[in-house]
Amino acid sequence: MLFRSRVLINGKELIKNREAIKHEIGVVFQNSVLDQSLSVLDNLKVRTSFYGLPKDVREKNIQEIIDILELGPILKKPIKKYIKNPNTQNKLYNFNRVL
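Every value quoted in this text rests on a predicted model; they were computed, and no experiment measured them.

Bringing the pattern of salt bridges into the picture now. Summed over the entire model, instances satisfying the criterion amount to four salt bridges. For the salt bridge of lysine 55 with glutamate 59, the shortest nitrogen-to-oxygen distance reads 3.8 Å. Of the two residues, lysine 55 and glutamate 59 both sit in helix 3 (residues 55–69), four residues apart, roughly one turn of that helix. For lysine 55, a relative accessible area of 54% corresponds to the exposed category.

Written as structure tokens, this is what we have:
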């Protein structure tokens, strides 16, 4: 006997609306998605580009993340520089969660 089923997310059928659904939901990765050779700012720019938002919206969102997580002092340096520094580990952890 063959069973058929549908997966609905926000009332949309997954098979038919993959792209639309991706824009409506967020993802929390279990492993770090940070590119350690890039700066915090470059990681933000790359990751926000995945959602197809206009540049002005992405820039506004990036600035909000920077302000909320107080990332200014570490914004332009490669993430690998901060990975083992206990003073910045919490900021990077929260940053990673946001992404």
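Continuing now.
Moving on: the side chain of serine 39. Among the secondary structure elements, serine 39 is positioned in the loop between helix 1 (18–24) and helix 2 (40–48). Within the structure, serine 39 has its side chain in polar contact with the backbone nitrogen of aspartate 42 (distance 3.0 Å). In this structure serine 39 touches Leu75, Lys76, Lys77, Pro78 and Ile79, once residues within four positions along its chain are discounted.

On the surface, a nonpolar cluster with roughly 390 Å² of combined accessible area is contributed by Val46, Phe50, Tyr51, Leu53 and Val57. With a relative accessible area of 31%, leucine 53 lands in the partly exposed category.

Another aspect to go through is the side chain of asparagine 43. Mapped onto the elements, asparagine 43 comes out in helix 2. We classify asparagine 43 as buried; its relative accessible area is 0%. A distance of 2.8 Å separates a polar side-chain atom of asparagine 43 from the backbone nitrogen of aspartate 35.

Below, the discussion takes up helix 3. Counted at 1.5 Å a residue, the expected span for helix 3 with its 15 residues is 21 Å, and the 21 Å between its end C-alpha atoms agrees. Residues of helix 3 that are buried include every one of Ile62, Ile65, Ile66 and Leu69, and no others. Viewed along the axis of helix 3, the buried residues span an arc of 100 degrees, placing them on a single side of the element. What points out from helix 3, more than 90 degrees from its buried face, is the exposed set Asp56, Lys60 and Ile68. One or two steps after helix 3, the chain reaches glutamate 70, where phi turns positive at roughly 50 degrees.

Quick notes on the rules
- Residues numbered from 1 in each chain as written.
- Predicted model: local features only at pLDDT ≥ 70, side-chain atom pairs only at ≥ 80, totals over all residues.
- Heavy atoms only, no water.
- Salt bridge = Lys/Arg side-chain N within 4 Å of Asp/Glu carboxyl O.
- Helix = DSSP H or I, 4+ residues; strand = E, 2+ residues; numbered from the N terminus.
- Buried < 20%, exposed > 50% of the residue type's maximum accessible area, 1.4 Å probe, protein only.
- Polar contact = N/O pair within 3.5 Å; in protein donor to acceptor, adjacent residues only side chain to side chain.
- Contact = heavy atoms within 4.5 Å.
- Patch = residues over 30% accessible without salt bridge, like charges linked within 9 Å, V, L, I, M, F, W, Y side chains within 5 Å.
- Areas by Shrake-Rupley, 256 points an atom, 1.4 Å probe, with all protein chains shown as cover.
- Expected span 1.5 Å × (residues − 1).
- Arc of directions from axis to C-beta.

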